[in-house]
Amino acid sequence: MTQFRLRQYLYDNATWLSAGVLLTFLSSFGQTFFISIFAGEIRTEFGLSHGAWGGLYSLGTTVSAIVMIWAGGLTDVFRVRVLGPVVLAGLALAAISMALNSWLMLLPVVIFLLRLFGQGMSIHIAMVAMARWFTVTRGKALSIATIGIALGEALLPLSFVAAMAFVDWHWLWIVSAGITALGIPVLIRLLRQERTPQSLSDAYSSTGMQGHHWTRKETLFHPLFWLMTPAILGPSAFITAFFFHQVHLAEVKGWQHIELVALFPVFTGVSLLAMFTSGWALDKWGTARMMPFYQLPMAVGFAIIGVTNSISGALIGMSFLALTVGANNTLPSAFWAEFYGTRHIGSIKAMATAVMVLGSAIGPGLTGVLIDLGIPLSTQFLWIAVFFVLVCLMAWTGISRAARSL
């Protein structure tokens, strides 16, 4: 796509792409990379160990994954301009709840709300909209929409960690709620008219394997879905664990927390590059050639971070992690549309999103318990690297067979 054509593409689709960016950016307030910067303050306030905090976080996140199976299907029923503001309102209320809550028993409820409306529904709505609204340029649309996640990773942790030196952390959650609330009228204005007047119109749909629009039930009983499940669960589980334990990781490696956080913009820059490259590549070659191998850099990244004690080594390792994270923002959403069709993409991707959210519940809880048992993160990261190699083998096995039906 030439510079002129790209400029024209952005101009013609600016309102819908901007809606996707807005939703993914505001999802940051329910993402682990944001919540985890308050991990030390939360554990101190409620008297929690690493394992206990990880367990409560996993509990709230797991329940949100279960609810996502139902809630995600609402994108097949309601338009984005109706569902999006409701989700953002829920996220704002969840942020206020985190600021005001002082009861330990309500902490997993607050986590549930943040994860459901933030990591779950905000991103899910944006990705389903891009996959449904765009067909030929689906990869580019997904890449552009997920810029919001990258902006959140680059800007929010560093700015909020710096702000905590001057402002009580409870007030920072009030600020988060205010920013989210301001996004509601912006989203409504952007989507005064959706790209597809009839969001479920057949004119904008594309079929999957065997020229068929797969239902959620059919997808659930297809072997490819289960072979791909570790590939959907893995990045969410262990990138979440990495960010969740960032304070502890800095402590055991002998780094200042602000030194580690200062690497996040580099992480974001590399992930943006990988995101746009993967979006261009999937429009050119499709997801079948890319899905089996894009998680190999994550295996390398975790291995490097596991063995290094230098902040420069962490930078190299995080750059490898970012290659997979960037591609992961575009490839899976396009994969479900390409292999299973778009007519029921909301319900199908809801299952995948539930698996992803479940992974983000497993990662912090599992690694937190292992830390409490005396198994250091460095050792765990080496095990995780091996896991991702096995994930790639499973994905290659499933896709190489299923691609014949496209």
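Reading the values: rules and limits
- Residues numbered from 1 in each chain as written.
- Predicted model: local features only at pLDDT ≥ 70, side-chain atom pairs only at ≥ 80, totals over all residues.
- Heavy atoms only, no water.
- Helix = DSSP H or I, 4+ residues; strand = E, 2+ residues; numbered from the N terminus.
- Rg over C-alpha atoms; globule rule 2.2 N^0.38 Å.
- Buried < 20%, exposed > 50% of the residue type's maximum accessible area, 1.4 Å probe, protein only.
- Contact = heavy atoms within 4.5 Å.
- Areas by Shrake-Rupley, 256 points an atom, 1.4 Å probe, with all protein chains shown as cover.
- Lys, Arg positive; Asp, Glu negative; His and termini not counted.
- Charge placed at Lys NZ, Arg CZ, Asp CG, Glu CD.
- pLDDT = per-residue confidence, 0-100.
- 1 Å grid on protein atoms, 1.4 Å probe; cavity = no way out; pocket = protein on both sides within 12 Å on 5 of 7 lines; lining within 4 Å.
- Points joined across faces, edges and corners; volume = space filled by probe spheres on them.
- Nonpolar A, V, L, I, M, F, W, Y, C, P; charged D, E, K, R; others polar.
- Core = buried A, V, L, I, M, F, W, Y, C linked by side-chain atoms within 4.5 Å.
- Axes fitted to C-alpha atoms, helices over the stretch in contact; angles between N-to-C directions.
- Parallel < 35°, antiparallel > 145°, perpendicular 65-115°, else oblique.
- Left-handed = near helix turned anticlockwise from the far one by under 90°.
- Phe/Tyr/Trp six-rings, centres within 6.5 Å; stacked < 30°, edge-to-face > 60°.

Asker: An account of the overall build of the chain is needed here, citing residue identities and associated values.
Answerer: Along the backbone of the chain there are 20 helices and zero strands. Here the C-alpha atoms of the chain give a radius of gyration of 20 Å, agreeing with the 22 Å that 2.2 N^0.38 yields for 406 residues. When each of the 406 residues of the chain is scored for burial, the buried share is 60%. A sequence separation of at least 24 residues applies to 85% of the contacts in the chain between residues at least 6 apart. Only carbon and sulfur atoms are counted for the fraction: they give 70% of the accessible area of the chain, which is about 15,800 Å². Between the mean site of the 21 positive side-chain charges and the mean site of the 14 negative ones, the chain shows a separation of 13 Å.

Asker: For the confidence of the model for the chain, give the residues involved together with the corresponding values.
Answerer: Detailed reading of the predicted model is not advised wherever pLDDT is low. Predicted confidence across the chain gives a mean pLDDT of 86, with 95% of residues reaching 70 or more. Taken element by element, the predicted model of the chain shows its lowest mean pLDDT in helix α1 (residues 3-12) (71) and its highest in helix α16 (residues 296-307) (96).

Asker: Go over empty space enclosed by the protein, please, and point to the residues and values.
Answerer: A full pass over the atoms with the stated rule returns three cavities of 30 Å³ or more. Space inside the largest cavity adds up to approximately 550 Å³. If you go around the largest cavity, you meet 29 residues; those closest to its centre are Ile123, Ser236, Asn328, Asn329 and Met356. Of all elements in the fold, only α3 (32-35), α7 (107-133), α9 (147-163), α12 (223-244), α17 (311-328), α18 (331-340) and α19 (345-372) reach the threshold of two or more residues within the lining of the largest cavity. Counting residues per element, the lining of the largest cavity draws most heavily on α12, which supplies seven residues. Here the residues of the lining of the largest cavity are counted per class, giving 15 nonpolar, 12 polar and two charged.

Asker: Residue-level account of the nonpolar core, with values.
Answerer: Residues Trp53, Trp173, Phe302 and Trp336 are the most contacted members of the largest nonpolar core, which totals 130 residues. Setting aside residues no more than four positions away along its own chain, Trp53 makes contact with Ile35, Ala39, Ile42, Arg43, Leu48, Leu107, Ile111 and Phe244.

Asker: Give a detailed account of helix α13 (residues 246-253), specifying residues and quantitative values.
Answerer: Because each turn of an α-helix spans 3.6 residues, side chains separated by three or four positions end up pointing in the same direction. Among the eight residues that make up α13, six are buried, leaving the element largely enclosed by the rest of the structure. Restricting attention to buried positions, one finds in α13 the residues Gln246, Val247, His248, Leu249, Ala250 and Lys253. Gly254 sits one or two residues past α13 and shows a positive phi near 80°.

Asker: Could you give me a rundown of the packing of α12 against helix α20 (residues 377-402), with the residues and numbers involved?
Answerer: In the contact formed by α12 and α20, the axes pass within 8 Å of each other and the chain directions differ by 155°. Between α12 and α20, the angle is such that the two are roughly antiparallel. Considering only the axes of α12 and α20, their crossing is left-handed. Of the residues in α20, those touching α12 at Leu224, Leu227, Met228, Pro230, Ala231, Gly234, Pro235, Phe238 and Phe242 are Phe381, Ile384, Phe387, Phe388, Val391, Met394, Ala395, Gly398, Ile399 and Ala402.

Asker: Can you tell me about the environment of Met164, naming the residues and giving the values?
Answerer: Within the element layout of this structure, Met164 appears in the loop between α9 and α10 (169-190). Measuring from C-alpha to C-alpha, the distance between Met164 and Ile37 comes to 9.7 Å, with 127 residues separating the pair along the chain. Excluding anything up to four places from it in sequence, Met164 contacts Ile37, Phe38, Glu41, Trp169 and Leu172.

Asker: Could you give me a rundown of the side chain of Thr240, with the residues and numbers involved?
Answerer: Note on placement: Thr240 falls in helix α12. Among all residues touching Thr240, those that are not within four sequence positions of it are Thr32, Tyr57, Arg115, Pro235, Ser360 and Pro364.

Asker: Tell me about the packing of aromatic side chains, and please be specific about residues and values.
Answerer: Applying the stated criterion to the full structure yields 26 aromatic pairs. Summarising the aromatic geometry, the rings of Phe34 and Phe160 are spaced 4.9 Å apart at their centres and angled 80° between planes, so their arrangement reads as edge-to-face. One end of the pair, Phe34, is in helix α3; the other, Phe160, is in helix α9, and 126 residues separate them in sequence. The class of Phe160 is buried, set by a relative accessible area of 7%. Taking the centre distance of 5.6 Å and the plane angle of 85° together, the rings of Phe243 and Phe267 count as edge-to-face. Taken together, the residues span a long stretch of sequence, with Phe243 in helix α12 and Phe267 in helix α15 (residues 264-285) at a distance of 24 residues. Comparing Phe243 with Phe267 shows no difference in burial state: the two are buried. Ring pairing ties together the aromatic residues Phe33, Phe238, Phe242, Phe243, Phe264, Phe267, Phe302, Phe381, Phe387 and Phe388, which thus form one cluster.

Asker: Mind laying out the layout of surface pockets, listing which residues take part and the relevant values?
Answerer: Its boundaries defined by the atoms lining it, the second largest pocket holds a volume of some 150 Å³. For the second largest pocket, the full set of lining residues is Ala274, Thr277, Ser278, Ala281, Met290, Tyr294, Pro297, Leu323, Thr324, Ala327 and Leu331.

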